[in-house]
Amino acid sequence: MERLVKTGPGWRLGWNPNAPEFKGLVGTDDWAVELTEAELDEFCRLLTQLASTIKQLASELMAEEKIACEVESDLLWMEVEGYAHAYSLRFILNTGRSTEGRWHPEAVEGLLQAAATLKVF
């Protein structure tokens, strides 16, 4: 399989199975960072987990009510913040590179959909 980069308005997500160390890529139109396979897998897993949590909480929230939810593992810290139907996403790598990134609400849904199918061959 060759390198795959999925893009949409305000987001990029990539996978290169042939790269020696940094097989993943996350970013926006303005920035990107390479991730190890474990970091990319964890990014996709935690993103899906956060989206699922927001979906479950949506029925308990009023439309104008904001929410913040975070999750952390050994590799990453991630947070969503905003409304149940539109929220931003932030992440910090807990590994030696100490990278931080953020996506605006209009980019998160596309990023979430891409994360679910990035490594499905």
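Residues numbered from 1 in each chain as written. Predicted model: local features only at pLDDT ≥ 70, side-chain atom pairs only at ≥ 80, totals over all residues. Heavy atoms only, no water.

Quick notes on the sheet that holds strand 7 (residues 86-93)
Spatial ordering of the open sheet is given by 5-6-7-8, a layout of four strands whose pairing is antiparallel. Of all strands in the sheet, those bounded by a partner on one side alone are strand 5 (67-72) and strand 8 (100-103). Ignoring strand direction, the axes of neighbouring strands in this sheet form an average angle of 15°. Summarising the sheet, strand 7 and strand 8 pair through four bridges and their orientation is antiparallel. The residue bridging Ile 92 from the neighbouring strand is Glu 100, located in strand 8. Packing against the sheet, helix 1 (residues 37-58) makes contact with strand 5, strand 6 (76-83), strand 7 and strand 8, and its axis sits at approximately 30° to strand 6. Contacting strand 7 and strand 8, helix 2 (residues 105-117) crosses the sheet at an angle of about 70° to strand 7. (Pairing = 2+ DSSP bridges. Helix = DSSP H or I, 4+ residues; strand = E, 2+ residues; numbered from the N terminus. Axes fitted to C-alpha atoms, helices over the stretch in contact; angles between N-to-C directions. Contact = heavy atoms within 4.5 Å.)

Concerning the sheet that holds strand 3 (residues 24-27)
Ordered by their spatial adjacency, four strands build an open sheet running 1-2-3-4, and the pairing between neighbours is antiparallel. What marks the edges here is a single partner per strand, and that holds for strand 1 (4-8) and strand 4 (32-35). Within the sheet, the average angular offset between the axes of one strand and its neighbour, ignoring direction, is 15°. Where strand 1 meets strand 2 (residues 11-15), five bridges bridge the pair, whose relative direction is antiparallel. Residue pairing for strand 2: Gly 8 is matched across the bridge by Trp 11.

Topic: the pairing of strand 5
The two faces of strand 5 differ: Ile 67, Cys 69 and Val 71 on one face are buried, but Ala 68, Glu 70 and Glu 72 on the other face are not. Examined bridge by bridge, strand 5 and strand 6 share six bridges and lie antiparallel to one another. Paired with Cys 69 across the strands is Val 80, a residue of strand 6. Two successive antiparallel strands, strand 5 and strand 6, enclose a turn made up of three residues. (Buried < 20%, exposed > 50% of the residue type's maximum accessible area, 1.4 Å probe, protein only.)

Observations regarding the packing of aromatic side chains
Scanning the entire structure with this criterion turns up five aromatic pairs. Between the aromatic rings of Phe 43 and Phe 91, the centroid separation amounts to 5.8 Å while the plane-to-plane angle is 85°, which identifies the pairing as edge-to-face. With a gap of 48 residues between them, Phe 43 in helix 1 and Phe 91 in strand 7 connect regions that are remote in the sequence. Its relative accessible area of 0% is what places Phe 43 among the buried residues. (Phe/Tyr/Trp six-rings, centres within 6.5 Å; stacked < 30°, edge-to-face > 60°.)

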